[in-house]
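# Structural features, examined
Single-letter residue listing:
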Protein chains: 2
Amino acid sequence: MLTKKELIDYCRNARENYLPHFSIDCVVFGFHEGIMKVLLLQVKNEGEWYLPGGFMLKKEPIENAANRILKERTGLDKIFLQQFHVFGDPERSKAHFEMYKDMLPASQNWFTNRFLTIGYYALVDFIDANPTRDELSVSCTWRDLHDVPELKLDHALILKTALDTLRLQLNYQPIGYNLMPKEFTMPELQKLYETILDKKLDRRNFQRRMLGFGILNRSEQQRKGGAHKAPYLYSFNQENYQAALKEGFKGGW
Amino acid sequence: MLTKKELIDYCRNARENYLPHFSIDCVVFGFHEGIMKVLLLQVKNEGEWYLPGGFMLKKEPIENAANRILKERTGLDKIFLQQFHVFGDPERSKAHFEMYKDMLPASQNWFTNRFLTIGYYALVDFIDANPTRDELSVSCTWRDLHDVPELKLDHALILKTALDTLRLQLNYQPIGYNLMPKEFTMPELQKLYETILDKKLDRRNFQRRMLGFGILNRSEQQRKGGAHKAPYLYSFNQENYQAALKEGFKGGW
DNA sequence: TACAATTGTGTCATTAATACACTTTGATTT
DNA sequence: AAATCAAAGTGTATTAATGACACAATTGTA
């Protein structure tokens, strides 16, 4: 919770620079070696958690704002980022900013505004990220997806919707480009899918299907050094990958 | 184009009632007997066309606003309505409201605001609808999807995105509930799909697949009176239909 | 040198999708 | 009343995709 002075400064700055009534919330999914986490921030003095988010500069494209917010929290740039829904329940933020209600008159109080939030989800390799808290939080950390604490506002709904959308997306979009190292093995890629879907897949059928998409190049080299049979290395075929991102995989009608 | 007096009234009313910077645009697809149209309005004195849209009351849920706008333009209620994207290019409305720039100071001029628009698409039977113009338009009419005039703002992009989303949706969502009469024949339903996809489908394979979804009940009766063999009548199985709307049809992983 | 663990590859059975062909029916024509 | 036409019902052979499963190959370790 902010002090009155902090609140005044925060609100003045916000009113000057940001488009009112809009916020952006990012569900940042972090992957690495079969682990899936989500980036969360913890509110100062309260212990509650929330999704990384922020506001849009008055003349900033939405996409840029989402990228900027993501860069501020993770240091990462040019990552997979996708708008998936707008959450606009008029009461969505009311209860959570009650405490600021009497500190400032409503006309100056940024937090008593109604906010609609545009949900984005991002996929990153959490090894590359450098989680950085914002001015309202005490910490910014990766949390295991199976161990997500209570979230404030409607952020639990936002997270769930993002996950549902991501899983649906797997059916007609390639993923993995900046989640995997340049070269990776098929079992490694499979682990990514299993992690997102939270279920085991058959090794052989996975390989067949994945190769069928035509977005992988197999290197002549193999990954030596493991304790067992050396797996082949693959990389994404950029041309086909980008094409598939646009066109989507086959599908239905 | 509005006169100065009209502009002043319009802006005063808007500022009092609506949430600034937000608009909603609806792509209303109208179907009937194998014809697919889209609802468009024509600007007063200009001839340009645009999608039905409007603003959100200060405390109104987004969904309600979209429904309200749709009801105002079509008289229809409780129809399939789905949010699909937010369009937020900071310059998206600039050029189109140039003419109002000098009529009113920016602080009072609703149109010089930056607007982000939330795109919804709706599916209706255009026989049921009663197209009604809004105060900025001279007419509100159904236009054949193959004969869409030049649209103002980014409405051509919005329309295209809606259509792409709808076609994708067909793969994992049932549609047709308020587009078909209570009872309909399989060829009639097929025509709906063909119209949306803009391509011919095989009669026999369509039937097999559609029945496989399990959302249809076949009536004992047949539709007599046609010039040829009497087709069976089907209706949607509400329980399964609603379930499929929520769960989606099977699909991939 | 045998072993354990992991990867590569293949096959069979089942299901889904595609491409067709023939029969049935009911009004219309002769 | 019989023949005809056009639309609808139903079926089948072929191909492709998916799911379930088995075995051989490789590599470091015991």
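Residues numbered from 1 in each chain as written. Chains lettered and ligands numbered in written order. Predicted model: local features only at pLDDT ≥ 70, side-chain atom pairs only at ≥ 80, totals over all residues. Heavy atoms only, no water.

Before going further, it helps to examine the relation of the copies chain B and chain A. For the match of chain B to chain A, the screw axis carries a shift of 0.0 Å, the RMSD comes to 0.1 Å, and the turn is 180°. One copy is carried onto the other by what is essentially a two-fold rotation axis. (Least-squares fit on C-alpha atoms with pLDDT ≥ 70 in both.)

What follows is about the protein's contact with DNA strand C. In the neighbourhood of DNA strand C, 21 residues make up the surrounding shell, with Arg203, Arg204 and Tyr232 of chain A together with Arg204 and Arg208 of chain B lying closest. Atoms of DNA strand C within 4 Å of the protein: sugar and phosphate make up 48%, bases the balance. Take His228 of chain A: an N or O atom from its side chain is 3.1 Å from a base nitrogen of DNA strand C. The separation between a base oxygen of DNA strand C and a polar side-chain atom of Arg208 of chain B is 3.0 Å. Breaking the surface near DNA strand C down by element, the ones donating at least two residues are helix H5 (203–213) of chain A together with helix H5 (203–212) of chain B. Per-element accounting of the surface near DNA strand C gives the leading share, four residues, to H5 of chain B. Looking at the surface near DNA strand C, its residues break down into five nonpolar, five polar and 11 charged. (Near = heavy atom within 4 Å. Polar contact = N/O pair within 3.5 Å; in protein donor to acceptor, adjacent residues only side chain to side chain. Helix = DSSP H or I, 4+ residues; strand = E, 2+ residues; numbered from the N terminus. Nonpolar A, V, L, I, M, F, W, Y, C, P; charged D, E, K, R; others polar.)

Moving on to the protein's contact with DNA strand D. By nearness alone, 22 residues border DNA strand D, and Arg204 and Arg208 of chain A together with Arg203, Arg204 and His228 of chain B come closest of all. Sugar plus phosphate: this is where 47% of the atoms of DNA strand D within 4 Å of the protein reside. Arg204 of chain A has a polar side-chain atom sitting 2.7 Å from a base nitrogen of DNA strand D. Within the side chain of Arg208 of chain A, a nitrogen or oxygen atom sits 3.0 Å from a base nitrogen of DNA strand D. At the level of secondary structure, the elements contributing two or more residues to the surface near DNA strand D comprise H5 of chain A together with H5 of chain B. A breakdown of the residues in the surface near DNA strand D according to their chemical character gives five nonpolar, five polar and 12 charged.

Tallying the contact residues gives 35 residues for chain B and 35 residues for chain A. Both sides together, the interface formed by chain B and chain A hides about 2,700 Å², and carbon and sulfur atoms give 69% of it. Looking only at chain B, the three residues that lose the most surface to chain A are Phe22, Arg114 and Trp253 of chain B, adding up to 30% of its buried area. Counting the contacts that link chain B with chain A gives zero salt bridges. (Contact = heavy atoms within 4.5 Å. Buried area = accessible area lost by both parts, 1.4 Å probe. Salt bridge = Lys/Arg side-chain N within 4 Å of Asp/Glu carboxyl O.)

Scanning the entire structure with this criterion turns up 35 aromatic pairs over all chains. Aromatic pair Phe126 of chain A and Trp142 of chain A: ring centres 5.8 Å apart, planes at 45°, arrangement tilted. With Phe126 of chain A in the loop between strand S6 (116–125) and strand S7 (137–144) and Trp142 of chain A in strand S7, this pair connects stretches of sequence that are 16 residues apart. In textbook terms, an aromatic cluster arises when at least three aromatic residues are bridged by ring pairs, as seen for Phe29, Phe80, Phe84, Phe87 and Tyr121 of chain A. If you follow Arg143 of chain A out to its NZ or CZ, it ends over the ring of Trp49 of chain A, 4.8 Å from the centre. Its end group placed over the ring of Tyr50 of chain B, Lys152 of chain B keeps NZ or CZ at 5.7 Å from the ring centre. (Phe/Tyr/Trp six-rings, centres within 6.5 Å; stacked < 30°, edge-to-face > 60°. Lys NZ or Arg CZ within 6 Å of the ring centre and 35° of its normal.)

This paragraph deals with the domain arrangement of chain A. Residue and element names in this part refer to chain A. Each domain of chain A was delimited in the assignment, giving domain 1 (4–169) and domain 2 (186–247). For domain 1 versus domain 2, the separation of C-alpha centres amounts to 32 Å. Taken together, the contact between domain 1 and domain 2 spans eight residues of the former and seven residues of the latter. Considering only the side of domain 1, the residues that lose the most area to domain 2 are Phe31, Gly34 and Arg167, jointly responsible for 58% of the buried surface there. Counting across the domain 1 and domain 2 interface gives zero salt bridges. On inspection of domain 1 and its partner domain 2, the count reaches two residue pairs in polar contact (both at pLDDT 80 or more). When its residues are assigned to classes, the side of domain 1 that touches domain 2 shows five nonpolar, two polar and one charged. (Domains from an automatic or database assignment.)

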